[in-house]
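Tertiary structure, described
So the chains spell out like this:
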Amino acid sequence: MADEKVFVLDPACGTGSYLIEVARVLQETWTDQGFGALVAARVRQALCTRIVGFEILPAPYVVTHLQLGVMLRSLGLGLGHGERCAVYLTNALTGWEPPMHPKTAVLFPELEREAERASRVKREKPILVILGNPPYNRFAGVAEDEEADLIEPYKAGLYTKWGVRKQLLDDLYIRFFRLAEKRIAEGKEGRGIVSFISNYSWLDGLSHPVMREHLATNFDEIWIDNCNGDKYRTGKRTRDGKPDESMFTTDEHRVGIQVGTAVATFV
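Throughout what follows, the structure given in this document is the object of discussion. Given the structure is predicted, the values throughout are model-derived calculations rather than measurements. (Residues numbered from 1 in each chain as written. Predicted model: local features only at pLDDT ≥ 70, side-chain atom pairs only at ≥ 80, totals over all residues. Heavy atoms only, no water.)

Here we take up the sheet that holds strand β5 (residues 193-199). Taken in spatial order, the seven strands of this open sheet run β3-β2-β1-β4-β5-β7-β6, and their pairing is mixed. Edge positions in the sheet fall to β3 (87-89) and β6 (222-228), since each has one partner strand and no second. Pairwise comparison of adjacent strand axes, ignoring direction, gives a mean angle of 20 degrees for this sheet. Relative to strand β7 (residues 261-266), β5 runs antiparallel, the two sharing six bridges. Considered in β7, the bridge of S198 is made with A262. (Pairing = 2+ DSSP bridges. Helix = DSSP H or I, 4+ residues; strand = E, 2+ residues; numbered from the N terminus. Axes fitted to C-alpha atoms, helices over the stretch in contact; angles between N-to-C directions.)

Listed below in C-alpha cells is the structure:
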C-alpha cells in the first residue's frame, strides 16, 4: 500500500479505524525503508490523495477527520491551509455512474462541493484495494434505485436454478460486497483486492448461492477466516458445554458479539 499507484477505499469508514490502520502501516513501511524525516509528509500526502474513506453519517464522518488530523499531528505534521484528508460524506453505494437526471438543488453549497469531490473519486480514481467493515442491517430501509439494482445479479436464477422462493439478500453488507466485486473484479482495471469483515451469513446461507457463485467466478483467490460469534448457532456454548468465547470476547464482556462474522479477502 505504500506504492503511490495504489488507491485504497474504505466505503463505510465509520470513525476511521481502518484508515488509521492503513496510515500506520504506511508509516511503518516508510520508516523501515529509511525515509526518516520525510515519513510524515508522505503519510499526509497519501491521506489527502489516495487513502479514501466514504461515510454516509455526519457524526462518524467528523470523527474520522478529527482522528486522522490527530494522527498527523502526532507525527509532527498537521494539515496545511486548504488541505483535507480524502474522506467524503457520501453514499458509497450510489454515484459511480454518470447521472441519468439533472442535478437536484442542494440547500447547502458545502454539501454540493462535497458530493462533487466524492463523485470525482468514484468516476476517476483507479481504486485497487477496498477494505473495511460494512454495516450489517437487514432492515436498512428503502434503497435508492441505483443501490437497489446493485444486488440484482445475486438474485438471478435463485428460484429457477436453486429453488429459493424467499430470499434474504437485503442486509446492507451484501450491497457492499456487490459494490466491491463490481469495482474490482468487473471494473475497467480488472484487478485488485477486497477485504471485508462482515456478517458471515453469506458463507452457507440458503439465499446466497448466486452470490457465492459470482464471487468464486470473478476472483482468482479467496481466503476466509471464520470468526464465529453467532449466538443462534452456538447458543454461546461450545460442544462440550463451556462458554463459547469467540475472538471478540473480552474480560469485561465474556459473551463477545452476537452476530457471526468472517474476514474474507478476495484477489
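Don't stop here, the text continues.
This paragraph deals with the packing of aromatic side chains. Pairs of aromatic rings are described using the distance from one ring centre to the other and the angle between the two planes. Going through the model one piece at a time under the given rule, you end up with nine aromatic pairs. With a centroid separation of 5.2 Å and 45 degrees between ring planes, the pair formed by F219 and F266 is classed as tilted. Of this pair, F219 sits in the loop between α7 (209-218) and β6 while F266 sits in strand β7, placing them 47 residues apart in sequence. Here the guanidinium or amino end of R42 rests over the ring plane of F35, the centre of that ring lying 4.1 Å away. One Lys or Arg, K122, reaches over the ring of F54 and ends 5.4 Å from the middle of that ring. (Phe/Tyr/Trp six-rings, centres within 6.5 Å; stacked < 30°, edge-to-face > 60°. Lys NZ or Arg CZ within 6 Å of the ring centre and 35° of its normal.)

Moving on: the packing of helix α1 (residues 17-32) against helix α3 (residues 58-74). Taken N-terminus to C-terminus, the directions of α1 and α3 make an angle of 20 degrees; their axes are 10 Å apart at the nearest point. Looking at the two axes, α1 sits roughly parallel to α3. Seen along the crossing, α1 lies across α3 with a hand that is right-handed. When α1 is examined against α3, the residues L19, I20, A23, R24 and Q27 are found in contact with a partner set consisting of T64, Q67, L68 and M71. Residues of the contact of α1 with α3, tallied by class, amount to five nonpolar, three polar and one charged. (Parallel < 35°, antiparallel > 145°, perpendicular 65-115°, else oblique. Left-handed = near helix turned anticlockwise from the far one by under 90°. Contact = heavy atoms within 4.5 Å. Nonpolar A, V, L, I, M, F, W, Y, C, P; charged D, E, K, R; others polar.)

What follows covers the environment of I257. For I257, the position within the fold is in the loop between α8 (231-234) and β7. I257 gets classed as partly exposed once you look at its relative accessible area, which sits at 26%. The sequence separation of I257 and G229 amounts to 28 residues, and the corresponding C-alpha distance is 5.6 Å. (Buried < 20%, exposed > 50% of the residue type's maximum accessible area, 1.4 Å probe, protein only.)

Moving on: the side chain of R50. Secondary-structure assignment places R50 in the loop between α2 (39-49) and β2 (51-55). One buried charged residue, R50, remains without a salt bridge, the closest side chain of opposite sign being E4 at 6.5 Å. There is a polar contact of 3.3 Å between the side chain of R50 and the backbone oxygen of A2. In this structure, R50 is in contact with M1, A2, D3, E4, V6, F7, V8, L26 and W30, ignoring residues within four places of it in sequence. (Lys, Arg positive; Asp, Glu negative; His and termini not counted. Salt bridge = Lys/Arg side-chain N within 4 Å of Asp/Glu carboxyl O. Polar contact = N/O pair within 3.5 Å; in protein donor to acceptor, adjacent residues only side chain to side chain.)

Okay, the environment of K155 next. Along the chain, K155 falls in the loop between α5 (145-149) and α6 (172-185). Looking at K155, the relative accessible area reads 26%, which means it is partly exposed. With 56 residues separating them along the chain, K155 and M211 place their C-alpha atoms 8.0 Å apart. Those residues in contact with K155, other than ones at most four positions away along the chain, are Q167 and L169.

Take the pattern of salt bridges next. If you walk through the whole model with that rule in mind, you get 11 salt bridges. When the shortest N-O distance is used, the salt bridge between E21 and R24 registers 2.4 Å. Here E21 pairs with R24, and both are found in helix α1, just three residues apart, close to one helical turn. Looking at R24, the relative accessible area reads 31%, which means it is partly exposed. Among the ionic pairs, R84 bridges to E114, the shortest N-O distance being 2.7 Å. Taken together, the residues span a long stretch of sequence, with R84 in the loop between α3 and β3 and E114 in helix α4 (residues 109-124) at a distance of 30 residues. Among the charged side chains, a salt-bridge network with shared partners connects E21, R24 and E28.

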